[in-house]
Amino acid sequence: DVKVTQSSRYLVKRTGEKVFLECVQDMDHENMFWYRQDPGLGLRLIYFSYDVKMKEKGDIPEGYSVSREKKERFSLILESASTNQTSMYLCASRFPGTVTGELFFGEGSRLTVL
Amino acid sequence: ILNVEQSPQSLHVQEGDSTNFTCSFPSSNFYALHWYRWETAKSPEALFVMTLNGDEKKKGRISATLNTKEGYSYLYIKGSQPEDSATYLCAFGHNFNKFYFGSGTKLNVKP
């Protein structure tokens, strides 16, 4: 059973704190993604990675950074959390070698920044 | 950012009703169109990945069609059941790394 696991389902942090969201996949996928989901908006891409140590900005990278030191792990970092980063964060992975490849998602991490 | 629109935003139907949703996307630079079902407290799961104009896919009571020339896809659910209650997301694939999501259609099926 393929799996994408996000480390925390719910987090509450204070403004200015550094926040780490971890994601691990067991499918040996090259591509991994971080999205955020806000009410009334579609999932928006923050960053993606197409290989170890390789990353590209998505559509809303401001205030975020990422780390991919191992193929199975993709971390999202909020250097200094702000209230407008309160959101649901979803990690996904995908095998890029076929056009029919779907995204596999984690269950999400709901972050509240006070 | 490419615009992907889904309609309606929400839908309330009775058990046994059939229903359909729409996903509109840009008609240029098409790579793939995905449909996902997202149940509360679970992860989104793929229903269909569609890549060719005119594609029709079916899984049980759920089916989908694709028109890449005019930029739309329909998702149909025949004889809705309470377990179909979920948010249905479509994602327009611009290339193998970029997928743009609509805001979803939230379906509630009443017993």
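Student: I'd love a proper account of the sheet that holds strand 8 (residues 73-78) of chain A, names of residues and values included.
Tutor: Residue and element names in this part refer to chain A. What the four strands build is an open sheet, ordered 1-3-8-7; its pairing is antiparallel. For this open sheet the edge positions go to strand 1 (4-6) and strand 7 (65-70), each flanked by a neighbour on one side alone. Each neighbouring strand pair of the sheet contributes to a mean axis angle of 20°, computed without reference to strand direction. Bridge analysis of strand 1 against strand 3 (residues 19-25) gives three bridges, and the strand direction is antiparallel. The residue bridging Thr5 from the neighbouring strand is Val24, located in strand 3.

Student: Kindly report on the packing of aromatic side chains, identifying the contributing residues and their values.
Tutor: Counting across every chain of the model gives 14 aromatic pairs over all chains. Relative to Tyr76 of chain B, the ring of Tyr74 of chain B has its centre 6.1 Å away and its plane inclined at 70°; by these criteria the two rings are edge-to-face. What makes Tyr74 of chain B partly exposed here is its relative accessible area of 27%. In textbook terms, an aromatic cluster arises when at least three aromatic residues are bridged by ring pairs, as seen for Phe33, Tyr35, Phe48 and Phe105 of chain A together with Tyr36 and Phe101 of chain B. Here the guanidinium or amino end of Lys59 of chain B rests over the ring plane of Phe48 of chain B, the centre of that ring lying 5.9 Å away.

Student: Run through the nonpolar core, naming residues and quoting values.
Tutor: Residue and element names in this part refer to chain B. Trp35, Phe48, Leu75, Tyr88 and Leu107 are the most contacted members of the largest nonpolar core, which totals 23 residues. Taken together, the elements giving at least two residues each to this core come down to strand 2 (10-14), strand 3 (19-24), strand 4 (32-38), strand 5 (45-50), strand 7 (62-67), strand 8 (72-77), strand 9 (86-93) and strand 11 (105-110). A per-element tally of this core places strand 9 first, with four residues. Residue contacts for Leu107: discarding those within four places in its chain leaves Leu11, Val13, Thr19, Phe21, Ile77, Asp84, Ser85, Ala86 and Tyr88.

Student: Tell me about the sheet that holds strand 6 (residues 56-59) of chain B, and name the residues and values.
Tutor: All names here are of chain B. Read across the sheet, five strands follow the order 1-3-8-7-6 without closing on themselves; strand pairing throughout is antiparallel. For this open sheet the edge positions go to strand 1 (5-7) and strand 6, each flanked by a neighbour on one side alone. Taking the axes of each pair of neighbouring strands and ignoring which way they run, one obtains an average angle of 15° across the sheet. Here strand 6 pairs with strand 7 via four bridges, running antiparallel. Following the sheet pairing, Glu56 is matched in strand 7 by Thr65.

Student: Outline the environment of Asn3 of chain B, supporting the account with residue identities and numerical values.
Tutor: Residues and elements named next belong to chain B. For Asn3, the location among the structural elements is in the segment before strand 1. Taking relative accessible area as the criterion, Asn3 reaches 51% and is therefore assigned exposed. Separated by 97 residues in sequence, Asn3 and Tyr100 have C-alpha atoms that sit 7.5 Å apart. Those residues in contact with Asn3, other than ones at most four positions away along the chain, are Ser24, Phe25 and Pro26. A distance of 2.9 Å separates polar atoms of two side chains, one belonging to Asn3 and the other to Glu5.

About the thresholds
Residues numbered from 1 in each chain as written. Chains lettered and ligands numbered in written order. Predicted model: local features only at pLDDT ≥ 70, side-chain atom pairs only at ≥ 80, totals over all residues. Heavy atoms only, no water. Pairing = 2+ DSSP bridges. Helix = DSSP H or I, 4+ residues; strand = E, 2+ residues; numbered from the N terminus. Axes fitted to C-alpha atoms, helices over the stretch in contact; angles between N-to-C directions. Phe/Tyr/Trp six-rings, centres within 6.5 Å; stacked < 30°, edge-to-face > 60°. Buried < 20%, exposed > 50% of the residue type's maximum accessible area, 1.4 Å probe, protein only. Lys NZ or Arg CZ within 6 Å of the ring centre and 35° of its normal. Core = buried A, V, L, I, M, F, W, Y, C linked by side-chain atoms within 4.5 Å. Contact = heavy atoms within 4.5 Å. Polar contact = N/O pair within 3.5 Å; in protein donor to acceptor, adjacent residues only side chain to side chain.

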